[in-house]
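Architecture at a glance
Listed below are the residues making up each chain.
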Amino acid sequence: MYSIFKIQKDIKDGIKASLEKIAAETGVNPYDMPMPELEVPKDRSFGDYATNVAMTSSKLFGKKPRELAELIKSNFPLTKYIASIEIAGPGFINFKLDRTWLYNVLKEINAMEEDYGNLDIGKDQKIQIEFVSANPTGPMHLGNARGGAIGDVLASVLKKAGYYVEREFYINDAGNQVEKFGASLEARYLQLLGQDAAVPQDGYHGEDLVELMKEYIEDNGEGCLSMSSDERQLVLREWALEKNIERMKKDLEAYGIHYDVWFRESSLYESGEVNAVIEELKKNGHTYEKDGAVWFKATEFGADKDDVLVRANGIPTYFASDIAYHRNKFIKRGFDRVIDIWGADHAGHVGRMKAAMEALGISPDRLTVILMQLVRLKMGGEFARMSKRKGNMVTLRDLVDAVGKDAVRFLFNMRSADSQFEFDMDLAIKESSENPVFYAQYAHARICSILRNASSIGINVPDIADVELNHLNKNVEFDLMEKLASYPEEIGQAALRLEPYRLTHYAMDLATLFHSFYTECRVIGEEEGVMKARLVLIDSTKKVLANALSVLGVGAPEKM
RNA sequence: GCGCCUGUAGCUCAGUGGAUAGAGCGAUUGACUCCGGAUCAAUAGGCCGCAGGUUCGACUCCUGUCAGGCGCACCA
């Protein structure tokens, strides 16, 4: 157990023991007592930890909060590292620690190296996280970039917290969108070969289709001219989908995202799973027919409205294949839990998908959908809704090329998924050199620089067993160690609350504390004992910072 | 009209029912003859959209209201 958890447990156990003793003396039923909660006071001069338990249970004990607090204090079994206990304000009990407990943390970091911060709260539960899943009909946009950054870091966080995690990209290579894509490609193909053709009104009007067809003609010539329109669309479409998927893989790799599985919607039709799931729902009475279409009774499971599974023309809807897809995740592949990251424009879909899971006998709690508010792009002082079909967009690739992988990933992970995001491309480029990611990376490079300088005069980071850690006794040093100590806690919170953005805040805070330390304390040239202790401290800081940056998928450079 | 999300410093955003509401950027003022100034220290800047309610205590929970975003297809 990490020392930070151990010390918190010691305090809680102490409070509990104290309360039980008071309960026994006053005849209060111990089962009615609340579990004591600890919090970190905003103003640290109050102490390291505080509890409000005297306030929350003052009624139960029939005593005034401050009076009860005094009793808890006087019955508290003093344990190691607790320096003082004080009652304050309306009845807070503040615990001050003897901060030398923090030396243990340096030992933990040195023993565990890159495993520091690893937890077992996941208990090897199988989690699948599906994100981006952009239509393969064109390049990825800013919304995909945001979803990618959030999904990829969340996956890393969950893995660190002890879950078995798979990253998956769902390729929508079936259905209406793809038909439109084929028709649009055909029009561009014919235009390039001098024929009169128009991209359908609701087709894809982006220039990228023209480029694709130029490339196709270069490689494959004009052979499609002699085909029927249906055949031609199919050939062009399949060719273009392959191209686009390859491109997406490359773009995502350049963005630092590697998927375990690329799953094709079309495979669900080929395997018969779409029909099978429709039949299963029918058989169990969860469907009805209306106007020639097959409807799923989503309202029976609490959704706001029913939805169509099979259109009157006999073709299943996207909803039907998506149910089959999720059934595949849970039943065929046996994931305990599935996390989907969707754009907020799919919000209406969530209730119906959960309803469908319930109808299939899969607990809807096993499916978590993180709705990500859309990214709005500011261009020329105005907001424009980006559209693949209209072709007016900044792509993920543009962004990564202009601002850099690290800065983009960091930027998108500084905000929670449900905040709206107004993105000013010009500002992003202009301010890229002031991006917070560089602040954190600079701290890492600075430490490396000190270690290099030390090494050049024959001083290496000593074995921690040979170091008198009590040379570390300044406030800035304790503050820094405290931040290092809280890393496992931060990983746990980020994993449990599905909030990967905590990691960017952590990296920033750690960097700030290091920079403060740097300004106040020298390492090289200090008396030997102090120098050795500080070398261990900055080396530990370097390890944890690199650890956090690696979870974020951004680099930890030795030089900048 | 109904549903979901969001209103916090000039800007972009944090803030597990607790004590004097925070960070980055921007502004102002300072700081190495010295381990990287991509840094540090300090100052200014807030009716936490508004109004009620619950509570010992509300930025946080509830209700209403105003403003913005997104949905409400036999599209995906």
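Note that the coordinates shown come from a computational prediction; the quantities given were computed from them, not determined experimentally.

1. What to know about the packing of helix α5 (residues 103-112) against helix α21 (residues 528-552)
- The N-to-C vectors of α5 and α21 enclose an angle of 55°; their axes lie 10 Å apart at closest approach. The angle between α5 and α21 falls in the class oblique. As for how α5 packs across α21, the hand of that crossing is left-handed. The residues of α21 that touch α5, namely those facing Leu106, Ile109 and Asn110, are Val536, Leu537, Asp539, Ser540, Lys543 and Val544.

2. Re the protein's contact with RNA strand B
- Every one of the 64 residues lining RNA strand B counts as a neighbour, but Arg311, Arg415, Gln420, Tyr501 and Cys521 are closest to it.
- Each atom of RNA strand B within 4 Å of the protein was classed as base or backbone; sugar and phosphate made up 67%.
- Taking Arg522, its side chain carries an N or O atom lying 3.0 Å from a sugar or linking oxygen of RNA strand B.
- Contact between RNA strand B and Val523: a base nitrogen at 3.0 Å from a main-chain N or O atom of the residue.
- Listed by contribution, the elements that provide at least two residues to the surface near RNA strand B are α2 (53-56), β4 (92-97), α7 (176-192), β9 (293-296), β15 (421-424), α17 (436-456) and α20 (501-520).

3. Quick word on the nonpolar core
- Residues Tyr255 and Phe412 are the most contacted members of the largest nonpolar core, which totals 122 residues.
- If you tally residues by element for this core, the top one is α21, at 12 residues.
- Every residue in contact with Phe412, bar those within four places of it in the chain, is listed here: Leu142, Ala145, Arg146, Ala149, Ile150, Tyr255, Val375, Leu399, Phe421 and Phe423.

4. What to know about unusual backbone geometry
- Although it is not a glycine, Ser133 sits at a positive phi angle of roughly 40°.
- Tracing the chain through its elements places Ser133 in the loop between β5 (126-130) and α6 (142-160).
- The exposure class assigned to Ser133 is buried, which follows from its relative accessible area of 12%.
- Even without a glycine there, the phi angle at Leu498 is positive, about 55°.
- Position of Leu498 among the secondary structure elements: in the loop between α19 (487-496) and α20.

Here is what the cut-offs are and how they apply
- Residues numbered from 1 in each chain as written.
- Chains lettered and ligands numbered in written order.
- Predicted model: local features only at pLDDT ≥ 70, side-chain atom pairs only at ≥ 80, totals over all residues.
- Heavy atoms only, no water.
- Axes fitted to C-alpha atoms, helices over the stretch in contact; angles between N-to-C directions.
- Helix = DSSP H or I, 4+ residues; strand = E, 2+ residues; numbered from the N terminus.
- Parallel < 35°, antiparallel > 145°, perpendicular 65-115°, else oblique.
- Left-handed = near helix turned anticlockwise from the far one by under 90°.
- Contact = heavy atoms within 4.5 Å.
- Near = heavy atom within 4 Å.
- Polar contact = N/O pair within 3.5 Å; in protein donor to acceptor, adjacent residues only side chain to side chain.
- Core = buried A, V, L, I, M, F, W, Y, C linked by side-chain atoms within 4.5 Å.
- Buried < 20%, exposed > 50% of the residue type's maximum accessible area, 1.4 Å probe, protein only.

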